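Commentary on secondary and tertiary structure
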Amino acid sequence: MVTLEYRFYGKDSGGSDMYYVVLAGKSSESKPTTGIVSGSRFVEVNTGKTYVFDGISDSPAWNELVFATSEVSGG
């Protein structure tokens with residue numbers, strides 16, 4: 001795993017440092033779930049998928065970033 005960006009964000013309620021991160025690695029690598037803030041990113045270099053960290057929910061998780069597309073039909 002490679003860290004592309006690592007920026008101090010602030011402290012959590014327990015006083016621990018929190019960081020905004022942008023990471024890149026293989027899909028087989030474990031993505032971190034502690035010490036990072038929501039909105040952090042992880043790019044899987046072997047699949048091209050991008051994930052966004054949700055640290056606000058009851059169970060912090062990495063969710064795939066999906067872009068909506070609209071189909072244009074001629075008519």
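Reading the values: the criteria
Residues numbered from 1 in each chain as written. Predicted model: local features only at pLDDT ≥ 70, side-chain atom pairs only at ≥ 80, totals over all residues. Heavy atoms only, no water. Pairing = 2+ DSSP bridges. Helix = DSSP H or I, 4+ residues; strand = E, 2+ residues; numbered from the N terminus. Axes fitted to C-alpha atoms, helices over the stretch in contact; angles between N-to-C directions. Salt bridge = Lys/Arg side-chain N within 4 Å of Asp/Glu carboxyl O. Buried < 20%, exposed > 50% of the residue type's maximum accessible area, 1.4 Å probe, protein only. Contact = heavy atoms within 4.5 Å. Core = buried A, V, L, I, M, F, W, Y, C linked by side-chain atoms within 4.5 Å.

Moving on: the sheet that holds strand S1 (residues 2–11). Paired through backbone hydrogen bonds, the strands of a sheet run either parallel or antiparallel to each other. An order of S1-S2-S3-S4-S5 is seen for the five strands of this open sheet, with the pairing classed as mixed. At either margin of the open sheet sits one strand with a lone partner, and together these are S1 and strand S5 (61–64). If you compare each strand with its neighbour and ignore which way they point, the axes differ by 25° on average. In this structure, strand S4 (residues 50–54) lies alongside S5, joined through four bridges in antiparallel fashion. Bridge assignment links Phe53 to a residue of S5, and that residue is Trp62.

Further remarks concern the pattern of salt bridges. Using the criterion set out here, one finds three salt bridges in the structure. Here Lys11 and Asp17 are joined by a salt bridge, their closest N and O atoms 2.6 Å apart. Using a relative accessible area of 32% as the deciding quantity, one classes Asp17 as partly exposed. Between Lys31 and Glu44 there is a salt bridge, with the nearest N and O atoms lying 3.2 Å from each other. Of the two residues, Lys31 sits in the loop between strand S2 (17–25) and strand S3 (41–44) while Glu44 sits in strand S3, which places them 13 residues apart along the sequence. As far as burial versus exposure is concerned, Lys31 and Glu44 are alike and both buried.

A few words now on the environment of Lys26. Relative to the elements of secondary structure, Lys26 occurs in the loop between S2 and S3. A C-alpha to C-alpha distance of 25 Å links Lys26 and Ile56, two positions 30 residues apart in sequence. Residues in contact with Lys26, not counting those within four places in the same chain, are Phe42, Val45 and Asn46.

With that out of the way, let us pick up the nonpolar core. The biggest cluster of nonpolar side chains holds eight residues, and these are Tyr19, Val21, Leu23, Ile36, Phe42, Tyr51, Phe53 and Trp62. Going through the elements one at a time, S2 and S4 are the ones with two or more residues in this core. Excluding its chain neighbours within four sequence positions, the residues that come into contact with Tyr19 are Tyr6, Arg7, Phe8, Tyr9, Gly35, Ile36, Val37 and Ser40.

Take it as geometry only, folks, not as evidence of what the structure does.
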